[in-house]
Amino acid sequence: MYRTHTCGELRMEHVGKEVTLAGWVQRSRKMGAMTFIDLRDRYGITQLVFNEDTDAELCAQANKLGREFVIQVVGTVNERYSKNKNIPTGDIEIIVSQLKVLNASEIPPFTIEDNTDGGDDIRMKYRYLDLRRNAVRKNLELRHKMCIEVRNYLSNLGFLEVETPMLIGSTPEGARDFVVPSRMNPGQFYALPQSPQTLKQLLMVSGFDRYFQIVKCFRDEDLRADRQPEFTQIDCEMSFVTQEDIIQTFEGMAKHLFKVLRGVEFDGPFLRLPWAEAMRRFGSDKPDMRFGMEFVELDDILKTGAFPVFDNAAYIGGICAPGCAVYTRKQLDQLTDFVKRPQIGAKGLVYARVQDDGTVKSSVDKFYGQEVLQQLKEKMEAKPGDLILILSGDDAMKTRKQLCELRLEMGERLGLRDKNKFALLWVTEFPMFEWSEEEGRLMAMHHPFTHPMDEDIALLDSDPAAVRADAYDMVCNGVEVGGGSIRIHDPELQEKMFEILGFTPEKAQEQFGFLMNAFKYGAPPHGGLAYGLDRWVSLFAGLDSIRDCIAFPKNNSGRDVMLDAPAALDQSQLDELSLKLDLKA
Ligand code: ASP
């Protein structure tokens, strides 16, 4: 037997017992005749003791052990003289009588400690060592627990987990496909699923009225801060349901997960915000509702004919930052630089401080008298000590998005984006389509299988841009954690949708003929949603990035630096796949 106990298991009740432990040498300290070693495994750390005076040879052996050596020891559990209250095994130690080195280790490239000295790159290259650290290991344990909870919760509601294939054709979720060449079908390629969207819809046609799957999805996108080319979804679909049924089911699941994984309970149902309102009040379809600072439209007050920048703007909006009138010139300049950054793109920032005596001092004092500034203060509901920040622009949507960034920045600065606070909501009534400048056509905002809201179907021909979708996103703390829609199940409506999206009937048939065909054989009304598993786990774990809850993630250039993938293929492999490369320099 390699071990009788784990390194996290022994307590006072085991004192006097002979045990065998196996694990890694975390650290060793020599103090006079004594040598202490912290032995670590997945479950914890146990202190080993060697005494030169009682067994000089054994102690000499112990002194030769390096960090991360794998060892096995036999010894007796002893009550510790100085107890360590910081670890569960801190009351005891093992007086070692036998030591066996199971494997030596080179000196690790970084310290395997909570506060490691290893930078990001080196830890990714040696991810298997990084995973020995508590912090990362805990995230994977949480992830496992979450998957179990999800499976039990959905299974208890009659959901069936069904696997769908990875080698499929294109699934339109708005990203590029990762493709896999087929050796047996030269010149042809599979696409990896961007999501199992069409397959889960086919399962509904098959009568599996409650489906879920914890499933890998692949999207070839330019990686922004918190994306991975492969990620995991909790993918779900239901038949004979309305939006309300889906929201009830998955709000229930969210609440359950919060309760069991974080001990957080919510009063009443989550807020629901129509998309247009979310954009108007927060400039975002995923507003962070942990704090207020809502937008106030100021056109009526500030368009006086005195300040051409405002007079010519399509939108003027302000936020009120409580207590920030004390901001120095330098801090205000920093904020101005912040909104002018190319990623945000505002032209400038107007500010107004409400002074202690109630008067307002602004950066546009030369255009506005105190009377207008007082109206501004009233409309903003600003109090003495508050700072009003105003953006304007000739494109209302763009300006709102800029103001959203400023709101989030102020929330951050004021410490209002507390990781231990959770504000959840549903955003509903998304526009069905959005115009793509790049493609010069309407694109589906969600995906082409989304059902329009019933009351807007009549607008499909006359004013498609005004059509709202029967779609919903769940948002937590400014992050989209899930989303879905009621689907089209009528082949004619689906055909029409493809037509509006610019597919010729032939192209639609070629790409989605299988689905439209299936719809001819009794497709039930259905809808569903997918939760982003990585996002959920990182939210529960309080992480800034989803990377730290994925065992082997890719870096920001989509590389696995440990495996050194992607990599070139041998010529023989290319030949077998009938592939010829034409690499642009
Ligand atoms: N397939 C969708 C997605 O990946 C989710 C859904 O509509 O169920 O975003």
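Just above, that's the structure.
Cut-offs applied
- Residues numbered from 1 in each chain as written.
- Predicted model: local features only at pLDDT ≥ 70, side-chain atom pairs only at ≥ 80, totals over all residues.
- Heavy atoms only, no water.
- Pairing = 2+ DSSP bridges.
- Helix = DSSP H or I, 4+ residues; strand = E, 2+ residues; numbered from the N terminus.
- Near = heavy atom within 4 Å.
- Polar contact = N/O pair within 3.5 Å; in protein donor to acceptor, adjacent residues only side chain to side chain.
- Areas by Shrake-Rupley, 256 points an atom, 1.4 Å probe, with all protein chains shown as cover.
- Nonpolar A, V, L, I, M, F, W, Y, C, P; charged D, E, K, R; others polar.
- Buried < 20%, exposed > 50% of the residue type's maximum accessible area, 1.4 Å probe, protein only.
- Contact = heavy atoms within 4.5 Å.

Ordered by their spatial adjacency, eight strands build an open sheet running β6-β9-β10-β22-β21-β20-β17-β11, and the pairing between neighbours is mixed. Looking at strand neighbours, the two that pair on one side only are β6 (160-161) and β11 (271-274), the edges of this open sheet. The pairing of strand β9 (residues 210-218) with strand β10 (residues 230-239) spans nine bridges and is classified as antiparallel. The residue of β10 that forms the bridge with Cys217 is Phe231.

With that settled, consider the site of the ligand. Taken together, 14 residues form the shell around the ligand, and within it Glu173, Gln197, Lys200, Arg219 and Arg487 come nearest. One of the side-chain N or O atoms of Gln233 is found 3.1 Å from an oxygen atom in the ligand. Between the ligand and the protein, one listed contact pairs an oxygen atom with a side-chain N or O atom of His447 at 3.0 Å. Protein chains bury 91% of the 270 Å² of accessible surface belonging to the ligand in isolation. Contributions of two or more residues to the shell around the ligand are made by α5 (197-205), β21 (479-486) and β22 (526-532). The biggest single contributor to the shell around the ligand is β22, with three residues. For the shell around the ligand, the per-class residue count stands at two nonpolar, eight polar and four charged.

Mapped onto the elements of the fold, Gln194 is located in the loop between β8 (189-191) and α5. Overall, Gln194 belongs to the buried group, its relative accessible area being 1%. Ignoring anything within four residues of it in the chain, the contact list for Gln194 reads Thr171, Pro172, Glu173, Gly174, Ala175, Arg176, Asp177, Cys217, Phe218, Arg219 and Phe231.

What follows deals with unusual backbone geometry. For the bond running from Ala565 to Pro566, omega is 0 degrees, close enough to zero to count as cis. In this structure, Phe240 is a non-glycine residue whose phi angle is positive, near 55 degrees. Here Phe240 is to be found in the loop between β10 and α6 (243-262). Even without glycine at this site, Ser578 takes up a positive phi of about 55 degrees.

A word on helix α16 (residues 533-541). Most of α16 sits inside the fold, with seven of its nine residues counted as buried. Three or more residues of α16 are buried, namely Leu533, Asp534, Trp536, Val537, Ser538, Leu539 and Phe540. Two residues or fewer after α16 comes Gly542, characterised by a positive phi angle close to 70 degrees.

Take the environment of Ala382 next. Note that Ala382 resides in the loop between α11 (370-380) and β16 (387-393). Between the C-alpha atoms of Ala382 and Met34, which are 348 residues apart in sequence, the distance is 67 Å. Setting aside its immediate chain neighbours within four residues, Ala382 contacts Cys320, Val354, Lys377 and Ile388.

Right, let's get into the pairing of β21. β21 sits mainly inside the fold: six of its eight residues count as buried. As paired elements, strand β20 (residues 471-476) and β21 share six bridges and run antiparallel to each other. In the strand pairing of β21, Asp473 is matched with Gly483. Linking β20 back to β21 in an antiparallel pair, the connection comprises two residues, with Asn477 at a positive phi of about 50 degrees. Across five bridges, the pairing between β21 and β22 is antiparallel. Across the sheet, residue Ser485 finds its bridge partner in β22, namely Gly528.

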